[in-house]
Amino acid sequence: MQAKNVFVAGHKGMVGSAIVRQLQEQSGVNVITRSRSELNLLDQNAVANFFESNDIAQVYLAAAKVGGIIANNTYPAEFIYENLMIQNNIIHSAHLAGVNDLLFLGSSCIYPKLAEQPMQESALLTGTLEPTNEPYAIAKIAGIKMCESYNRQYGRNYRSVMPTNLYGENDNFHPENSHVIPALLRRFHEAKLAGDDKVVAWGSGKPMREFLHVDDMAAASIYVMNLSDDVYNSNTHEMLSHINVGTGVDCTIRELVETVAKVVGFKGEIEFDTTKPDGAPRKLMDVSRLKSLGWQYKISLEDGLALTYEWFLTNQDNFRK
């Protein structure tokens with residue numbers, strides 16, 4: 001039996017690389033990837049030619065421009081333009097080439113800032129978004145609706161998964177443009193090496209956040225992609241096709257900061273800078289739909305942080321400014 005060609009867009013990113021690692025362990029799968037120099041996903045003609053030239057059976061759309069609060073605030077135009085272009089080019093070109101199976105990876109920021117907690121899939125488009133990452137969220141919402149539209153009009157099997165906050169191997173540890181967990185891991189690590197007696201964390205520490213290790217996200221993505229139509233369709237419908245992926249468990253930022261300090265081995269004082277923005281007060285996913293489909297997470301936050309810190313220590317030379 002011939003192996004099916006599976007294209008992972010964004011294979012060098014945190015989620016894409018985790019999906020690739022797990023797909024490569026499966027029999028009957030030929031993983032296809034392209035670096036940015038080989039395929040510019042912002043170039044419509046290049047993407048169309050790629051799909052026309054390769055017999056692709058499945059697509060994991062993990063390519064995106066991502067970043068934390070600072071990056072989203074500083075580069076809103078790039079965040080909305082690049083994400084819209086990437087997903088438009090891939091979804092449309094996949095359709096034109098006859099690819100029936102595609103998984104679009106979104107983000108929990110698609111939900112309203114003050115959405116009822118935990119956030120259900122039905123909360124989409126029911127309120128105002130968090131202003132700091134609205135351009136990114138708008139792009140992701142468009143991606144969900146694009147998948148739904150191609151399913152409705154052309155009978156495609158384009159599914160969407162909405163992860164909570166992700167972390168793990170291949171995360172971005174840039175000192176300014178990273179998400180909260182890699183930023184904290186690096187800050188506490190450098191403070192420990194410098195012998196600092198205090199670390200300052202952004203915000204009040206009161207907001208609640210949920211975190212999922214990227215290996216769990218990759219496992220969930222592959223699971224949802226390969227669910228039978230009968231099982232998948234029993235729990236979704238054409239205008240509510242996206243599925244939340246998370247742990248269903250959250251913690252305060254203060255608790256996260258203290259756990260990171262413990263994992264890193266920082267013994268000093270922790271101070272919270274309340275002049276810095278907090279973002280949304282709480283972001284917890286309702287993952288009951290995914291649970292009913294037969295999947296739940298395996299890696300606890302503390303275990304995941306330890307794995308991530310271990311990976312950072314091994315690769316930290318790559319993160320020096």
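Use the structure listed above.
As the structure is a computational prediction, the values presented were derived from the model and not from experiment.

**Regarding the overall build of the protein chain**
Step number 1: Regarding its fold elements, the protein chain presents eleven helices and 13 strands.
Step number 2: Summarising its shape, the C-alpha atoms of the protein chain cover approximately 60 × 40 × 40 Å along the three principal directions.
Step number 3: Among the 321 residues that make up the protein chain, the fraction classed as buried is 52%.
Step number 4: Relative to all contacts within the protein chain whose residues are 6 or more apart in sequence, the contacts with residues 24 or more apart total 82%.
Step number 5: Of the roughly 14,800 Å² that the protein chain leaves accessible, carbon and sulfur atoms contribute 47%.
Step number 6: Positive and negative side-chain charges in the protein chain, numbering 29 and 37 respectively, have mean positions lying 1 Å apart.

**Some thoughts on the side chain of Arg186**
Step number 1: Topologically, Arg186 is positioned in helix α6 (residues 180-194).
Step number 2: Separated by 2.9 Å, the side chain of Arg186 and the backbone oxygen of Phe173 make a polar contact.

**Description of the sheet that holds strand β4 (residues 101-105)**
Step number 1: Strand order in the open sheet made by the six strands is β2-β1-β3-β4-β5-β10, with parallel pairing throughout. The sheet is open, and its two edges are formed by β2 (29-32) and β10 (242-245), each paired on a single side. On average, adjacent strands in this sheet sit at an angle of 20 degrees to one another, irrespective of strand direction.
Step number 2: For strand β1 (residues 4-9) and strand β3 (residues 58-61), the ladder comprises four bridges, and the chain directions are parallel. Looking at β3, one finds that Ala9 is bridged to Leu61.
Step number 3: Most of the contacts of helix α1 (residues 14-23) go to β1, to which it runs at about 160 degrees, and overall it touches β1, β2, β3 and β4.

**Points about the pairing of β10**
Step number 1: Because side chains alternate across β10, one face comprises the buried residues His242 and Asn244, and the other comprises Ile243 and Val245, equally buried.
Step number 2: Strand direction decides the pairing type here: strand β5 (residues 157-163) and β10, joined by four bridges, are parallel. Bridge pairing in β10 links Ser160 to His242.

**Looking at the environment of Asn151**
Step number 1: Topologically, Asn151 is positioned in helix α5 (residues 134-154).
Step number 2: C-alpha of Asn151 to C-alpha of Leu240: the two residues are 89 residues apart in sequence and 12 Å apart in space.
Step number 3: Beyond its immediate chain neighbours, meaning those up to four positions away, Asn151 contacts Arg156, Asn157 and Tyr158.
Step number 4: Polar side-chain contacts of Asn151 include one of 2.8 Å to the backbone oxygen of Tyr158.

**Thoughts on the side chain of Ser160**
Step number 1: Tracing the backbone through its elements, the reader meets Ser160 in strand β5.
Step number 2: Residue Ser160 is classed as buried on the basis of its relative accessible area of 0%.
Step number 3: If sequence neighbours within four positions are ignored, Ser160 has contacts with Leu103, Phe104, Ile144, Cys147, Tyr232, Ser241, His242 and Ile243.

**Things to note about the packing of aromatic side chains**
Step number 1: In this structure the tally under the stated criterion is nine aromatic pairs.
Step number 2: Grouping aromatic residues by their ring pairs yields a cluster made of Phe173, Tyr309, Trp311 and Phe312.
Step number 3: In this arrangement the basic side chain of Lys65 is found over the ring face of Phe79, its NZ or CZ atom lying 5.3 Å from the centre.
Step number 4: Sitting over the face of the ring of Trp202, Lys276 holds its NZ or CZ atom 5.5 Å from the ring centroid.

**Regarding helix α11 (residues 301-315)**
Step number 1: For α11, built from 15 residues, the straight-helix expectation of 21 Å at 1.5 Å per residue is met to within 8% by its first-to-last C-alpha distance of 21 Å.
Step number 2: Burial in α11 covers these residues: Gly304, Leu305, Thr308, Tyr309, Trp311, Phe312 and Asn315. Looking straight down α11, one finds that the buried residues subtend no more than 160 degrees of arc, so they occupy a single side. Exposed residues lying more than 90 degrees from the buried face of α11 are Glu310 and Thr314.
Step number 3: Elements that come into contact with the buried residues of α11 comprise β6 (165-167), α6, β9 (211-213) and α9 (253-264).

The rules behind these values
Residues numbered from 1 in each chain as written. Predicted model: local features only at pLDDT ≥ 70, side-chain atom pairs only at ≥ 80, totals over all residues. Heavy atoms only, no water. Helix = DSSP H or I, 4+ residues; strand = E, 2+ residues; numbered from the N terminus. Buried < 20%, exposed > 50% of the residue type's maximum accessible area, 1.4 Å probe, protein only. Contact = heavy atoms within 4.5 Å. Areas by Shrake-Rupley, 256 points an atom, 1.4 Å probe, with all protein chains shown as cover. Lys, Arg positive; Asp, Glu negative; His and termini not counted. Charge placed at Lys NZ, Arg CZ, Asp CG, Glu CD. Polar contact = N/O pair within 3.5 Å; in protein donor to acceptor, adjacent residues only side chain to side chain. Pairing = 2+ DSSP bridges. Axes fitted to C-alpha atoms, helices over the stretch in contact; angles between N-to-C directions. Phe/Tyr/Trp six-rings, centres within 6.5 Å; stacked < 30°, edge-to-face > 60°. Lys NZ or Arg CZ within 6 Å of the ring centre and 35° of its normal. Expected span 1.5 Å × (residues − 1). Arc of directions from axis to C-beta.

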